[in-house]
Amino acid sequence: MLILIQKNGENIHNVLITVNLLTPRKNNYSMGFYLSNQKGEVRFYREDMLNQINSDMASYPMDYDSALDEIMDIEVIIEGKEAIETRLDRLIKYYPIIAENLREKAKCSMNINWKVNFRIVKKIQDKVIIDLGGHVTDIVKAM
């Protein structure tokens, strides 16, 4: 799957996103944190989704129940500085490795300069374009 991050049609890099697979039953699957590359792209594959689903179902069988074929939508979350800091505070005590992963990616992301929080739900497909348009006004053009 390719997620393309844009502003007014121009690709932007170093945007930190969280991707969740939305399930019809029980909890959603979190694919984790990704940074858009120099082309504004975030890529992950069916195998990545299957690995996450299998891991979550094996570790927490009472919390997860949906197979990949049942999942129709993804949620992409783009958070600003305050939301990232709040998420880090929640993660650090119980999930220190995940928190450190987020902290490292946040340091080099454009998000730490933003106040905006942005959520969008899209159908799972080969290519998803997310255009931040007027939602973020302080994006510098990708070099």
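It should be emphasised that the depicted structure is a prediction, and the values quoted were computed from it without experimental measurement.

K.L.:
An account of helix H2 (residues 81-92) is needed here, citing residue identities and associated values.
P.N.:
Between its first and last C-alpha, H2 extends 16 Å over twelve residues, near the 16 Å set by a 1.5 Å rise per residue. Listed as buried for H2 are Ala-83, Ile-84, Arg-87, Leu-88 and Leu-91. Mapping the buried residues of H2 onto a view down its axis gives an arc of 140°, with all of them on the same face. For H2, the exposed residues set more than 90 degrees away from the buried face come down to Glu-82, Asp-89 and Arg-90. Contacts from the buried residues of H2 go to strand S3 (16-22), strand S4 (29-35), strand S6 (73-78) and helix H3 (96-107).

K.L.:
Outline H3, listing residues and values.
P.N.:
The end-to-end C-alpha distance of H3, which contains twelve residues, comes to 16 Å, matching closely the 16 Å that a straight helix rising 1.5 Å per residue would cover. In this fold, the buried residues of H3 make contact with S3, S4 and H2.

K.L.:
Provide a residue-level description of the packing of H2 against H3, including the pertinent values.
P.N.:
Put simply, H2 and H3 touch, their axes get as near as 8 Å, and they point 155° apart. The angle between H2 and H3 falls in the class roughly antiparallel. The handedness of the crossing between H2 and H3 comes out as left-handed. Together, Ile-84, Arg-87, Leu-88, Leu-91 and Ile-92 of H2 and Pro-96, Ile-98, Ala-99, Leu-102, Arg-103 and Ala-106 of H3 make up the contact between the two elements. Partitioning the contact of H2 with H3 into residue classes produces nine nonpolar, no polar and two charged.

K.L.:
Account for the sheet that holds S4, with residues named and values stated.
P.N.:
For sheets, the rule is that strands pair by backbone hydrogen bonds, running either parallel or antiparallel. The four strands are arranged S4-S3-S6-S7 in an open sheet whose pairing can be described as antiparallel. Looking along the sheet, the strands with just one partner apiece sit at the ends: S4 and strand S7 (118-123). Shown here is a sheet whose adjacent strand axes are inclined to one another by a mean of 20°, direction ignored. Bridge count between S3 and S6: five bridges; the pairing is antiparallel. If you follow Leu-22 over to S6, its bridge partner there is Asp-73.

Thresholds, definitions, all that
Residues numbered from 1 in each chain as written. Predicted model: local features only at pLDDT ≥ 70, side-chain atom pairs only at ≥ 80, totals over all residues. Heavy atoms only, no water. Helix = DSSP H or I, 4+ residues; strand = E, 2+ residues; numbered from the N terminus. Expected span 1.5 Å × (residues − 1). Buried < 20%, exposed > 50% of the residue type's maximum accessible area, 1.4 Å probe, protein only. Arc of directions from axis to C-beta. Contact = heavy atoms within 4.5 Å. Axes fitted to C-alpha atoms, helices over the stretch in contact; angles between N-to-C directions. Parallel < 35°, antiparallel > 145°, perpendicular 65-115°, else oblique. Left-handed = near helix turned anticlockwise from the far one by under 90°. Nonpolar A, V, L, I, M, F, W, Y, C, P; charged D, E, K, R; others polar. Pairing = 2+ DSSP bridges.

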